[in-house]
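Observations on the model geometry
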Amino acid sequence: MTVTQNRAPNRYLDRPAPSSLADVINTILDKGLVIDIYIRVSLVGIELLTIDARIVIASVDTYLRFAEAVGRLNLTETQTHGIPELMEDVTNSGAKGKTSGALEGAKDKLTDMLSGDDDEKDEQSSSKQRSGDGKQQSRQQSKES
Amino acid sequence: MVVHLYGVTTADAPVPHELKGRRDTELRLVSDDELAVIVSDVDAGTPAGRKDLLAHAHVLEAYAERSTVVPMQFGIALPDDDSVRVQVLERDRDGLEHLLRSFDGLVQLTVQAFHHEEAALREILRRNPRLLSAREQMKAHPETVTPALQMELGQAVASALEDLQEDDRIMLLDRLAPLSRAVAENDANGNHEIVHAAFLVERDAQRQFDEAVGLLRTENDARMRLRYVGPQPPYNFLEPMKSGELSWA
């Protein structure tokens, strides 16, 4: 009789890795025991990393990038169903637009579709939008100066 | 020379094999009957860089693999061993012993997950018919697309991505938290980060945790990337334990 490894989940076994520099800087550096009086070891050459691209999701640039990215996606490979029925959705509800100028209709419809979400979601995202606006402002300011 | 402090462990903790400190210095223990401070002697004037940060973290992680260790914050040195005894061991012995007792047999394991952007975008289109129709409409009538509409679509995409992140965050935490004693989340940093959480896990149960992470990685490979770091000393749990927010020893 042969002895075999019979623990099936073994093939999923994952081993944790040691901390990387980013781990140390982003999550560990400010944690740990401190004492009252000590000699501070000065840290050099780290500043560049700490301002590492912390991209906030709510910024104008990010929105525009997402819009482009979502437009670029090629859905035909994977989306075998879904599109036809959804397109039907669009054409049904966009009927008004068709009769009264296709272009205007499309535009209205699009705005409806995007902003027609439930209200509480809008409430939730209002703070994020504010921070997005703030970004925009500061960008404009820096342009002016 | 100054004495660089790494962390505090119990006096009987075995010294990890061939482990070196900052700048390849020899590690020593400044100890009394109960407690030991892990230290090494470093040139006083040498400023610390990336390698020093990593060395500090890796010394602590090597200890954490087998012993309980309370980490010192990086960048703390004292002039000599006597001050180490006074400033560290005698200053708050009860506090240190309480921490070492509380974290006995426990390690921190950190999991960070990120969405693959394209897969996440596909998923939100699959889940949000409105978004999909908006996209198709814009593709079909590019002449109607104004910057304002682009912004609106982008905002809706961002919001749907956040919803997806939240769903996946909950899924990951639901799978891993039951295998741990406590969970502490780090602030998310954007960049499609789903979750960045530290788990306090019994050393003997780490294998189950390893398996759970491995399984999650396999199942969600198409949509997300997982980073799994550890075993670490209980960085994220020191403050909650000191403040009494966590308590069991």
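Residues numbered from 1 in each chain as written. Chains lettered and ligands numbered in written order. Predicted model: local features only at pLDDT ≥ 70, side-chain atom pairs only at ≥ 80, totals over all residues. Heavy atoms only, no water.

1. Quick look at the environment of Arg217(B)
- In this fold, Arg217(B) is placed in helix 7 (residues 206–220).
- Sequence spacing of Arg217(B) and Tyr6(B) is 211 residues, and the spatial spacing of their C-alpha atoms is 33 Å.
- With sequence-adjacent residues up to four places away left out, Arg217(B) is seen in contact with Asp14(A), Leu226(B) and Tyr228(B). (Helix = DSSP H or I, 4+ residues; strand = E, 2+ residues; numbered from the N terminus. Contact = heavy atoms within 4.5 Å.)

2. A closer look at the interface of chain B and chain A
- Each partner contributes to the interface: chain B provides 94 residues, whereas chain A provides 76 residues.
- Roughly 7,600 Å² of surface becomes buried between chain B and chain A when both sides are summed, with 63% attributable to carbon and sulfur atoms.
- Taken as a group, Gln73(B), Arg122(B) and Arg130(B) account for 9% of the area that chain B buries against chain A, more than any other trio of residues on that side.
- Viewed at the interface, chain A and chain B are joined by five salt bridges.
- Salt-bridge contacts for Asp14(A) lead to Arg217(B); the nearest nitrogen and oxygen are separated by 2.5 Å.
- Linking chain B to chain A there are 23 residue pairs in polar contact (both at pLDDT 80 or more).
- Considering every element that reaches the side of chain B that touches chain A, the biggest residue donor is helix 6 (residues 147–176) of chain B, with 16 residues.
- Residue composition of the side of chain B that touches chain A, grouped by class: 42 nonpolar, 30 polar and 22 charged. (Buried area = accessible area lost by both parts, 1.4 Å probe. Salt bridge = Lys/Arg side-chain N within 4 Å of Asp/Glu carboxyl O. Polar contact = N/O pair within 3.5 Å; in protein donor to acceptor, adjacent residues only side chain to side chain. Nonpolar A, V, L, I, M, F, W, Y, C, P; charged D, E, K, R; others polar.)

3. Let's talk about the sheet that holds strand 7 (residues 182–185) of chain B
Residue and element names in this part refer to chain B.
- Read from one edge to the other, the open sheet built from four strands follows the order 7-8-6-9, with strand pairing classed as antiparallel. The sheet terminates laterally at strand 7 and strand 9 (224–232), the two strands that pair on one side only. Geometrically, the sheet is characterised by an average inter-axis angle of 20° between neighbouring strands, direction not taken into account.
- Both strand 6 (residues 106–115) and strand 8 (residues 193–202) contribute to a ladder of nine bridges, which runs antiparallel. Note that in strand 8 the partner of Leu106 across the bridge is Glu202.
- Most of the contacts of helix 6 go to strand 8, to which it runs at about 10°, and overall it touches strand 6, strand 7, strand 8 and strand 9. (Pairing = 2+ DSSP bridges. Axes fitted to C-alpha atoms, helices over the stretch in contact; angles between N-to-C directions.)

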